[in-house]
Structures are given as structure tokens and as C-alpha cells.
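# Survey of secondary and tertiary structure
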Amino acid sequence: MKRVSKKPEGQSTRGKTADNRLRRVDNFLLLYEPSLLSRTDGLFAESLFVDLGYGFDPRTTLESAWRFRRSNPNLRILGVEIDKKRVEAAHPFADEKTFFRLGGFNLPLLSGETVRLIRAFNVLRQYEEKDFAPAYERLAEHVLPGGLMIEGTSTPFGNVWSANLARRRDVILSGALGHDESPSQLKETLQPFAGSLKVTNEWTFEALIFSTNFHSGFDVEEFQTILPKNYIHCVVRGEPIYDFFEAWKRSALEAASARTFGLKQWFTASAESLSKKGFELDLHKKWLGKGYLIWHR
Ligand SMILES: C[S@@+](CC[C@H](N)C(=O)[O-])C[C@H]1O[C@@H](n2cnc3c(N)ncnc32)[C@H](O)[C@@H]1O
């Protein structure tokens, strides 16, 4: 398979990572849609899980390989880094189904390769807000319809994180499938998304996820500090994300009596109270009991 050489889009940023920093991200994905990782139908059979911006070494990519291959031993995995030295550092860990390549938002794929899932963690946080929408647009190019991207920000050890969960719309891929023309949907005007930012209609923003392992307690404000790039500067009066946080803080206070039963119970009760204020949340115990709050957008 031939690779079209192209200059990686983006910029090298700090490469800090940590053991198991993204474990809860992977566990979330395995619980949210296990079939996305295990499916072997059609183009999905060979399609990749892409870890974009794995950092100064590929530990998080290799940890995910171990986790995800328990449900799909043949899963093809691609770690992408924009920093050449970090790619070289990862090469000794490559094998016939684990690849490390130099690249950017324009993913370094071989002709015919497609993507089922992208994880981009602690990458966009180091960019400017204006870079957000173009990055999403670029990353959509080779993702199969129905595929997902989880893109977010975490604390240094991954105890607390938040992420956008975006699904590739069911449109014909222009590059990967050999079509010259973009479908008409792709030419439509930009759709409003969150705050002042916009993304093209290649992605449906399915949910905003908040995750905590409760090691640092439960404080709604902590989530505010690790919001994805498209929200971090939007927590201002008049923006939906501001209303959300104000309502969640009120809900946590209202539910404070549940605290006596433990932090998980308090977190769960705060979500139940928040849901009553009109926010579309997934209240299933399998999420709240594990410290995941899913806000459907
Ligand atoms: C802070 S590290 C995150 C490492 C790991 N994902 C984690 O969460 O622990 C961010 C990495 O993303 C890389 N990066 C930044 N922009 C990129 C881009 N456009 N394409 C690929 N890698 C990129 C940087 O070089 C850096 O190594």
C-alpha cells in the first residue's frame, strides 16, 4: 500500500503523558459501544483505531492495544505523532498490527486505510480555539460513517477528564473510498455547535462526557478546568455550558445529603437533580456508579 507524503498539519506540543492516564477513557469506550472495537464487517474489518498525539512515548497507545484487543485480537492500531523523535521512540514497539507514524490532523494513512475510532487526548488543549473546527474537519476525512472520535482533556494522571464524543455522519467518504466529489451535505454551511465555535456537519456531537475516579473527591468546578477546547473559554453568562455548570453546582448542593452515603452516591444524586432541571443526561447506574456523566447534546 502506498502512502501519499504530506506535511503533518499541526504543531509539536508538550509530550507529557503517564501510565494508565487514559485507562478510564478506554473503559468508557468499551462500555459505550463495544461493537465499534470488535466489529469486523465490511470496511470495518481492517479499519484502524488511531491514537492521535500519544506523547513522548507510546505507553497509552500500547495500553489501549492491550485493552481493546481483548475484544478484537486483530484490531489494527495506529499511533500518530507530529514530533519525529517521539515516532522514532515508538518504532521498537511496532508490530504487524501496531503502527507508529509521523503525522498530524491530516492523518498519515496508506491508500485504502480507514478509521473506526480516533482518540485525541490532551492534544487540542494546547492549540488556539480557532484551530478546533479545522482540526475536526480534517480528522473526519478517513473515518467510516458511524465511527467515533473521543477528544478531550484530562488531569495529569487521568483521574478527572472531559471529552467530546463525536460520530462521523453517514455520508460518503470522498478520499478513502475513491469518490472525487464531496456529497452535498459536506458543502452545506457550517453548523452552530457550542459557544462561538462551529464545526462542519461531518460530525454529530453525540455527547459531552465527564469522568472522575473520585480520588480527588467530587467538585463540579474541577470539571470546568479540564473542559475540551471548544468549551473552556465559553463558561460565561449566556452560554449553554455556563448554564449547565451553574445548574450542576446547584444540583450538587441540593443533593449534598447523599454525601453521607459516599461520593458516588452524591455524584449520582447530583446528576438526578440536574436532569430534573431539563438537561438530557444518561442516568443509568452503569455510568453514574462508575463516575461517568454523559450529557447528550
Ligand atoms: C500532552 S501530549 C498527550 C499524550 C497522551 N495523548 C496523553 O493524553 O497522555 C500531546 C501530544 O500531542 C502531539 N501533537 C500535537 N499536535 C498534534 C497533531 N496535530 N498531530 C499529531 N500529534 C500532535 C504532541 O507532539 C504531544 O506529544
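So, here is what we can say about the structure in this document. (Residues numbered from 1 in each chain as written. Predicted model: local features only at pLDDT ≥ 70, side-chain atom pairs only at ≥ 80, totals over all residues.)

## Things to note about the overall build of the protein chain
- Summing up its helical and strand segments, the protein chain has 11 helices and 10 strands in all.
- Looking at the protein chain as a whole, 40% of its 297 residues qualify as buried.
- Excluding contacts between residues fewer than 6 apart, the proportion of contacts in the protein chain whose partners are at least 24 apart in sequence is 69%. (Helix = DSSP H or I, 4+ residues; strand = E, 2+ residues; numbered from the N terminus. Buried ≥ 20, exposed ≤ 12 C-beta atoms within 10 Å, placed from the backbone. Contact = placed C-beta atoms within 7 Å.)

## Quick look at helix α5 (residues 132-139)
- Every buried residue belonging to α5 is among F132, A135, Y136 and L139, and all of these are buried. All buried residues of α5 lie within an arc of 100° about the axis, which places them on one face of the element. (Arc of directions from axis to C-beta.)

## Describing the nonpolar core
- In this structure, F49, V50, I118, L139, M149 and I209 are the most contacted members of the largest nonpolar core, which totals 70 residues.
- Mapped onto the domain boundaries, this core takes at least three residues apiece from domain 1 (23-208) and domain 2 (235-296).
- Discounting chain neighbours no more than four positions away, the residues touching V50 are L78, V80, L107, V115 and I118. (Core = buried A, V, L, I, M, F, W, Y, C linked by C-beta atoms within 7 Å. Domains from an automatic or database assignment.)

## Points about the site of the ligand
- The full set close to the ligand counts 25 residues, and G10, G15, T17, G53 and G55 are the nearest of them.
- Of the residues in the shell around the ligand, the class split is eight nonpolar, 11 polar and six charged. (Near = placed C-beta within 6 Å. Nonpolar A, V, L, I, M, F, W, Y, C, P; charged D, E, K, R; others polar.)

## Considering the environment of G262
- Tracing the sequence through the fold places G262 in the loop between α9 (240-254) and α10 (263-276).
- Sequence separation between G262 and G217 is 45 residues, and the spatial gap between their C-alpha atoms is 9.8 Å.

## Quick word on unusual backbone geometry
- Positive phi is not limited to glycine here, since N20 has a value of about 55°.
- Relative to the helices and strands, N20 resides in the segment before α1 (23-32).
- Given 12 C-beta atoms within a 10 Å radius, N20 is considered exposed.
- Phi at F214 is positive, roughly 70°, even though this residue is not glycine.
- With respect to the helices and strands, the residue F214 is situated in the loop between β9 (203-212) and α7 (220-225).
- For F214, a count of 15 C-beta atoms within 10 Å translates into the label partly exposed.

## Some words on the sheet that holds strand β5 (residues 143-154)
- Ordered by their spatial adjacency, eight strands build an open sheet running β3-β2-β1-β4-β5-β6-β9-β10, and the pairing between neighbours is mixed. Since the sheet does not close on itself, it has two edges, and those belong to β3 (98-102) and β10 (292-296), each with one partner. For this sheet, the mean angle separating the axes of adjacent strands, direction not counted, is 20°.
- Of the strand pairs in this sheet, β5 and strand β6 (residues 160-168) are connected by seven bridges, and their pairing is antiparallel. Of the residues in β6, the one forming a bridge with G152 is A163.
- Most of the contacts of α1 go to β9, to which it runs at about 125°, and overall it touches β4 (115-121), β5, β6, β9 and β10. (Pairing = 2+ DSSP bridges. Axes fitted to C-alpha atoms, helices over the stretch in contact; angles between N-to-C directions.)

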